[in-house]
Amino acid sequence: MKNRIFRLLLILTAPALIMLSCSKDEEAENTAPTASFTVNPQSGNTQTEFELDASACSDLETPAGELLVRWDGNDDGIWESDYSTIKIALVTFDTEGVYTIRLQVKDAGGLTGTTTREVTIGGNLSPAVPDNPSPVDGTTNVVVNASLQWTSSDPEQDPILYDVYFGNVQNPPLASAGISDDSYTPGAMANNTTYYWKVVAHDDQGNSTEGPVWSFTTEAAAFVCGEMLTDPRDDKNYPTIQIGDQCWMAKNLNVGDRIDGGQDMSDDSNLEKYCYDDEAANCDTYGGLYQWAEMVQYAGDNLQGICPGGWHLPTLEEWEALEMALGMSQAQATATSGWQGTDEGTALKEGGGSGFNALLGGYRGTSGNFAFGNAWAVFWTGTQSSTYQAYARTLDVDHTQVNHTQYDKQFGNAVRCLKD
């Protein structure tokens, strides 16, 4: 009398057997397949449902998905299932004892391979499969000093010890064995790296249960001012410089598709820029020129604007803070018009000592003309002064100061971004 109940996870259908008719050419050399399967859990009682997984069966000629398998639940020559491509089955046993489960695998050429595994029904039971991983499987942006946590239990409340496997390969190595806590701290991990881990639970009766392999990806390294910034939108690189309490791009923003100076920029899904004299090479040298509305992406309070993530358009107050960090008095820095300060304009220019490295790239006028190349540099602030104008800063070859002014928003001026 059979003391087991055996079922496949999916209902067998005729097409699963038809595959045998697609055998290889009788003259072609064929090798027998390799049978392999796991049993989870490895012991239990008459209420336990055991999962048999033969997904690891392999053959040199027949793809794994086309291999056929069948099961004998007690190695007594009585097959509980017909051949099928379904590799996972569930089995329960209604009496205690030690059972030998036999798997037979058949390839498309008709050759077979077999293997067996034992399960124990009755006696002490294995711990539950480790579960509830933290970080959750597949999580990204995990801090590099994170601890790993999980849950498990034992049916008889036996004490449990854990082996933790951890590393940056999909088959992680053993990192710590026999720990009693359901947590593990791997130490400082690398930034922007995917890690894999699993836990094996052992009770004090010699039983063990292996958990699945989980993974997570650590956060990117924190940006340090002075490092090169790469804009992920187009992979352009920008040097950065710390001035006072602020971190600035040390090069003009150059993002978007070039349009001719005779066109106004439009509110669409494309970022647009002017290049001085309509020459693309001038954008490489001086950066792009932008109308104010395009810069703020057609939302007057949008300080993110066209800057990359983590950076923003500097407000009038932030330009004032920059100037005061370079030595300008508060009264001069907050003046809304005129040439202000003494040598702050020189300090902002290329080679001027501050690291801001402003190039005199000119501007695009309201009529579409380009003017004052190699003579002026005009930078927008993110602060508008009226419906039609916004505050700006001008440097030129004839002054060591900084000109505080306002420009019609239709002008095309340079943009520097500031770290959030």
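Cut-offs applied
Residues numbered from 1 in each chain as written. Predicted model: local features only at pLDDT ≥ 70, side-chain atom pairs only at ≥ 80, totals over all residues. Heavy atoms only, no water. Helix = DSSP H or I, 4+ residues; strand = E, 2+ residues; numbered from the N terminus. Rg over C-alpha atoms; globule rule 2.2 N^0.38 Å. Buried < 20%, exposed > 50% of the residue type's maximum accessible area, 1.4 Å probe, protein only. Salt bridge = Lys/Arg side-chain N within 4 Å of Asp/Glu carboxyl O. Pairing = 2+ DSSP bridges. Phe/Tyr/Trp six-rings, centres within 6.5 Å; stacked < 30°, edge-to-face > 60°. Lys NZ or Arg CZ within 6 Å of the ring centre and 35° of its normal. Contact = heavy atoms within 4.5 Å. Polar contact = N/O pair within 3.5 Å; in protein donor to acceptor, adjacent residues only side chain to side chain.

(A) Up close: the overall build of the protein chain. Scanning the protein chain from terminus to terminus reveals six helices and 31 strands. Scaling as 2.2 N^0.38, a compact globule of 420 residues should have a C-alpha radius of gyration of about 22 Å, whereas the protein chain reaches 35 Å, well beyond that. If one aligns the C-alpha atoms of the protein chain with their principal axes, the spans along those axes are about 105 × 55 × 35 Å. Counting across all 420 residues of the protein chain, residues that qualify as buried make up 45%.

(B) Structural detail: the pattern of salt bridges. Counted according to the given criterion, the structure contains eight salt bridges. Here Asp75 makes a salt bridge to Arg102, at a shortest N to O gap of 2.5 Å. With Asp75 in the loop between β5 (68–72) and β6 (88–93) and Arg102 in strand β7 (residues 97–106), the pair connects residues that are 27 residues apart, well separated along the chain. By relative accessible area, Asp75 is classed as partly exposed at 32%. Relative accessible area serves as the criterion here: at 23%, Arg102 is assigned to the partly exposed category. Between Asp231 and Arg233 there is a salt bridge, with the nearest N and O atoms lying 2.7 Å from each other. Residue classification places Asp231 among the buried positions, given a relative accessible area of 0%.

(C) Just the sheet that holds strand β3 (residues 43–44), in detail. The strand order across the open sheet built from four strands is β3-β8-β7-β5, with neighbouring strands paired in mixed fashion. In this open sheet, the two edge strands, each paired with only one partner strand, are β3 and β5. Two strands pair when backbone bridges link them, and β5 and β7 are joined in this way by five bridges, in the antiparallel orientation. In the strand pairing of β7, Leu68 is matched with Lys106.

(D) Inspection of the pairing of strand β12 (residues 160–167) at higher detail. For β12, the buried fraction is high: six of the eight residues fall into the buried class. Strand direction decides the pairing type here: β12 and strand β15 (residues 194–203), joined by eight bridges, are antiparallel. Residue pairing in the sheet places Asp163 in a bridge with Val200 of β15. Strand direction decides the pairing type here: β12 and strand β13 (residues 174–179), joined by three bridges, are antiparallel. Looking at β13, one finds that Tyr165 is bridged to Leu174. Hairpin geometry of β12 and β13 is characterised by an intervening segment of six residues between the two adjacent antiparallel strands.

(E) A look at the packing of aromatic side chains. This model, assessed by the stated rule, comprises 23 aromatic pairs. With centroids separated by 5.7 Å and ring planes inclined at 35°, the aromatic side chains of Trp319 and Phe379 adopt a geometry described as tilted. Pair noted here: Trp319 is in helix α4 (residues 316–325) and Phe379 is in strand β28 (residues 376–384), with a separation of 60 residues, a long-range link. What makes Trp319 buried here is its relative accessible area of 1%. The exposure class assigned to Phe379 is buried, which follows from its relative accessible area of 1%. Summarising the aromatic geometry, the rings of Phe372 and Trp376 are spaced 4.1 Å apart at their centres and angled 10° between planes, so their arrangement reads as stacked. Given a relative accessible area of 40%, Phe372 falls into the partly exposed group. In this structure an aromatic cluster arises from ring pairing among Tyr363, Phe372, Trp376, Trp380, Tyr407 and Phe411. Lying over the aromatic face of Tyr165, Lys198 brings its terminal NZ or CZ to 4.9 Å of the ring centre. Against the face of Phe356 rests Arg416, its NZ or CZ located 4.1 Å from the ring centre.

(F) Examining the environment of Ser147 more closely. Topologically, Ser147 is positioned in the loop between β10 (139–142) and β11 (148–151). Taking C-alpha positions, Ser147 is 32 Å from Asp231, a pair spaced 84 residues apart along the chain. When sequence neighbours within four positions are dropped, the list of residues in contact with Ser147 reads Ser134, Pro135, Tyr184 and Thr185. Reaching out from Ser147, the side chain makes a polar contact with the side chain of Thr185 at a distance of 2.7 Å.

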